[in-house]
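Summary of structural features
The primary structure of each chain is shown beneath.
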Amino acid sequence: MKKLFPYFGAYKKERFLSPLFKLFEATFELLVPVVVAKIIDVGLGAPLAGGGYNANTAYIVKMSLLLVALGLVGLVCAVIAQYFAAKAATGVSYELRKALFSKLQQLSYKDYDRLGTSAMLNRMTGDVQQFQTGVNMFLRLFLRSPLIVFGAMIAAFLIDPPSAWVFAAVIPALFLAVALIMGITTPLYKKAQEKSDKVVLAARENLTGVRVVRAFCKEDEERESFRKKNIALTKGREKAGAIGALMNPVTFVLVNLAVIFLLKIGAIRVDHGNLTQGNVIALYNLMSQILVELVKFANLVVTVTKAAACGDRIEGVLEMQGDLKKIDETSEAAHTKTPGYIVFDNVTLKYNENAAPAIKNASFTVEKGETVGVIGGTGSGKTSLVSLLPHFYDVSEGGVYLGGKNVAAYAPEELREKIALVPQKAVLFKGTVRSNLAWGDKEAAANDEKAWAALKCAQADDVVKQKGGLDAAIEQGGGNLSGGQKQRLSVARALMKNAEILILDDSSSALDYATERALSNAIRARQKEKKQTVFIVSQRASSLISADKILVLDEGEIIAAGTHEELLKTCAEYKEIYEFQYGTEAQK
């Protein structure tokens, strides 16, 4: 977990003061058996012949007040230590969540595909929380427990060396048992956390897809699937917990055996006059302190073991390097000699090395201000193709160029400022209509006139008026909107950006034909006014009729390119799509 150490840097004071005050508390606690021994040996004195004790009441009161003082001072030290430990633990968890969220913003789509959304969420919530708990306990107990254990042994040697050898024998045995159990449980807890990812994934899929589950009457199957994953998680945690639960019984047995030997040795030495009764009580109390402290230490080990497993998982995400390539702007590969505003030069895309190409040998050019249509069957690579322009994925071969410069040579922020994207799946965020439009342009969203202009162009102005205006509430994921309404608001958000390039990735699939035609006409009029380059991905040929260039894709290859009229004459696949949708009479 070395990568996590820098996140503790801002809490040096807390990391020092929390263990320090715990040491003070432990020191005061170690003094208690000594004071009790003094009360017995000095305060009560030797037993009288006729029974009873020749008690020194003043001394007993004085030492009793000292015990109360030790208790109060120890309590204050414990509270202060807890405050600093909690401050450090919550601060580190805050920094880790911030770092994880920042890292997730930097990862490529390929990283998201590999890691999985549920695993990311689990690391940012459950793993960080468990790590915080471990840090809190560690700061409070990692010095206190050893000090009590070894301090008690030292105190025992000062009181009575022969009896103290019992301490010297039992302490190594105790630490050996703790180390053995910890070594076994650490990998088990890590595996249990991985099973937790699967449970979170199953729950997330069912929450987001509840309508589909019910529509297909799959509730029983999903319950059974979740039950199996939950059982696997439970068994994993039970196995780790069962071994971890041995910690307390093992320490109790070892310490109680030590107590038996200690009392036997103490009784013999008292009988021979080599040891006082108060010292026997002190030795017993010291051994009891070791027992209590080792129980705490056992719990610390279990908690820290879990925290270490979670820390490794957190570190795994923080160590991930976004695999998007960055090309040196001065290198030859950073620029193209092929003329054109946008150039795809023999581009091939594979999502991983062993996968079939999603895009194969794609080459075309686009001039500034042109409209490019992309059409093809499901899975033909339409979304993959347009995802390369904002550099969401690295090309496996070839190059994608914008303004003569390879997209991999741009800083991500610079490149994506030039592009406005409406994704295939409309995504809205909890807030208001205005706050969602602000993603496109924060300043423009504050201007009602500009906001309404974008909504009108996207054919969403009537929807927003019905919902209550620009400050109408939007639920998480746009849950209070229909599919078509979400798509139109997503288009409006992209129009607010006023970028050089607009990518509409099947953004009208949920619209009726009349609304889609009105949207297409409005975007075309806006494009001519602003000289914007537009990519339109669609399954409907009607959306692409007026495009300057239409790319026809089949299994990742561009099998034809041209205008609507040209493709009807030269591309059988495009003609088949068009005629299937509109009939042979539509060409006349």
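Counting starts from 1 at the beginning of each chain's written sequence and moves along it residue by residue. It should be noted that, the model being predicted, local features are given only for residues of pLDDT at least 70 and side-chain atom pairs only at 80 or more, the latter also being counted only at that level, while totals for whole chains, interfaces and linings use all residues. Side-chain metrics in this entry use all non-hydrogen atoms of the structure; hydrogen atoms and water are not considered.

**Some remarks on the packing of helix H2 (residues 57–106) against helix H10 (residues 277–318)**
The packing of two helices is summarised by the inter-axis angle and the distance between the axes. Between H2 and H10, the shortest axis-to-axis distance is 9 Å and the interhelical angle comes to 40°. In this structure, H2 crosses over H10, and the sense of that crossing is left-handed. Of the residues in H10, those in contact with Leu96, Ala99, Leu100, Lys103 and Leu104 of H2 are Ile314, Val317 and Leu318. Residues are grouped as follows: Ala, Val, Leu, Ile, Met, Phe, Trp, Tyr, Cys and Pro are nonpolar; Asp, Glu, Lys and Arg are charged; all remaining types, including Gly, are polar. Partitioned by chemical class, the residues of the contact of H2 with H10 number seven nonpolar, no polar and one charged. To get an axis, a line is fitted to the C-alpha atoms, and for a helix only the part in contact is used. The angle between two axes follows their N-to-C directions and goes from 0 to 180 degrees. By definition, any uninterrupted DSSP run of H or I lasting at least four residues is a helix, any uninterrupted run of E lasting at least two residues is a strand, and each is numbered from the N terminus. In this scheme, a crossing is called left-handed if the near helix is turned counterclockwise away from the far one by less than a right angle; it is called right-handed if the turn is clockwise. Contacts are assigned to residue pairs that have any heavy atoms within 4.5 Å of one another.

**Points about the nonpolar core**
To form a nonpolar core, buried Ala, Val, Leu, Ile, Met, Phe, Trp, Tyr and Cys residues must be joined to one another through side-chain atoms within 4.5 Å. Each residue is placed in one exposure class: buried if its accessible area under a 1.4 Å probe, protein chains only, is under 20% of its type's maximum, exposed if it is over 50%, and partly exposed if it falls in between. In this structure, Val433, Leu437, Leu455, Leu489, Leu502 and Tyr574 are the most contacted members of the largest nonpolar core, which totals 44 residues. Beyond its immediate chain neighbours, meaning those up to four positions away, Leu502 contacts Ala420, Ala494, Leu495, Ile523, Gln532, Thr533, Val534 and Phe535. Counting 36 residues, the second largest nonpolar core, distinct from the first, contains Ala26, Val170, Leu291 and Phe297.

**Some points on the pairing of strand S3 (residues 371–376)**
Most of S3 sits out of view: six of its six residues are buried. Alternating residues of S3 divide into Thr371, Gly373 and Ile375 and Val372, Val374 and Gly376, and every residue in both groups is buried. Judged from the four bridges that link them, S3 and strand S10 (residues 533–537) form a sheet pairing that is parallel. Note that in S10 the partner of Val374 across the bridge is Val537. A pair of strands is considered paired only if DSSP assigns at least 2 bridges between the two.

**Topic: the packing of aromatic side chains**
For any pair of aromatic rings, the description rests on two quantities: the centre-to-centre distance and the angle between the ring planes. We call Phe, Tyr and Trp rings a pair once their centres come within 6.5 Å, taking the six-membered ring for Trp, and we label the pair stacked below 30 degrees between planes, edge-to-face above 60, and tilted otherwise. Evaluation of the coordinates by the stated rule reveals eight aromatic pairs. For the pair Phe344 and Phe364, a centre-to-centre distance of 4.5 Å together with 15° between the ring planes defines the contact as stacked. Linking Phe344 in strand S1 (residues 342–349) with Phe364 in strand S2 (residues 359–366), this pair joins segments that are 20 residues apart in sequence. Accessibility assignment for this pair places Phe344 and Phe364 in one class, buried. Judged by centre distance (4.9 Å) and plane angle (75°), the ring pair of Tyr351 and Tyr393 falls under edge-to-face. Taken together, the residues Tyr351 in the loop between S1 and S2 and Tyr393 in the loop between helix H11 (382–387) and strand S4 (397–402) connect sequence positions 42 residues apart. The exposure class of Tyr393 is buried, given its relative accessible area of 10%. Criterion for a charge above a ring: Arg CZ or Lys NZ at most 6 Å from the ring centre, at most 35 degrees from the ring normal. The positively charged end of Lys465 is found above the aromatic ring belonging to Trp452, 5.9 Å away from the centroid.

**Some remarks on the sheet that holds S10**
If you walk across this open sheet you meet the six strands as S6-S9-S10-S3-S11-S12, and the pairing is mixed. In this open sheet, the two edge strands, each paired with only one partner strand, are strand S6 (419–422) and strand S12 (557–562). Neighbouring strand axes in the sheet, compared pairwise and without regard to direction, differ in orientation by 15° on average. Pairing of S3 with strand S11 (residues 549–554) involves five bridges; the strand directions are parallel. The residue of S11 that forms the bridge with Gly373 is Ile550. Contacts between helix H17 (residues 483–497) and the sheet are confined to S6 and strand S9 (501–505), with S6 contributing the most and set at about 180° to the helix.

**Focus: a negative patch on the surface**
A contiguous patch of negative charge on the surface is contributed by Asp554, Glu555, Glu573 and Glu576. Mapping Asp554 onto the fold places it in strand S11. Taking relative accessible area as the criterion, Asp554 reaches 38% and is therefore assigned partly exposed. Patches were defined on residues exceeding 30% relative accessible area and lacking a salt bridge, with like-charge contacts within 9 Å and nonpolar side-chain contacts (Val, Leu, Ile, Met, Phe, Trp, Tyr) within 5 Å. Here the accessible surface of atoms and residues is derived via Shrake-Rupley with a 1.4 Å probe, and residues count as covered only by protein chains that are part of the display. For salt bridges, the criterion is a side-chain nitrogen of Lys or Arg within 4 Å of an Asp or Glu carboxyl oxygen. Charged-residue counts in this description rest on Lys and Arg as positive and Asp and Glu as negative, His and the chain ends being excluded. Every charge is mapped to an atom, namely NZ of Lys, CZ of Arg, CG of Asp or CD of Glu.

**Some remarks on the pattern of salt bridges**
Evaluated as defined, the whole model comprises 15 salt bridges. Across the salt bridge formed by Arg144 and Glu29, the nearest N and O atoms sit 2.8 Å from each other. One end of the pair, Arg144, is in helix H5 (residues 144–159); the other, Glu29, is in helix H1 (residues 12–44), with 115 residues separating them in the sequence. Arg313 is the salt-bridge partner of Asp127, the closest N and O atoms lying 2.7 Å from each other. Taken together, the positions of Asp127 in helix H4 (residues 117–141) and Arg313 in helix H10 put the pair 186 residues apart, joining distant regions of the chain. In the salt-bridge network here, residues are joined through shared partners; they are Lys22, Glu25, Glu29 and Arg144.

**Section: the environment of Ile419**
Relative to the elements of secondary structure, Ile419 occurs in strand S6. Under the relative-accessibility criterion, Ile419 is labelled buried at 4%. Taking the C-alpha atoms as reference points, Ile419 and Glu224, separated by 195 residues in sequence, lie 45 Å from one another. For Ile419, the contacting residues outside a window of four places in its chain are Leu389, Pro390, Lys497, Ala499, Ile501 and Ile503.

**Digging into the sheet that holds strand S5 (residues 405–406)**
Sheet strands associate in pairs through backbone hydrogen bonding, adopting either a parallel or an antiparallel arrangement. In space, the four strands of this open sheet follow the order S2-S1-S4-S5, with antiparallel pairing throughout. Whereas interior strands pair on both sides, the edge strands pair on one side only; in this sheet they are S2 and S5. For S4 and S5, the ladder comprises two bridges, and the chain directions are antiparallel. Residue pairing across strands places Leu402 opposite Lys405, the latter belonging to S5.

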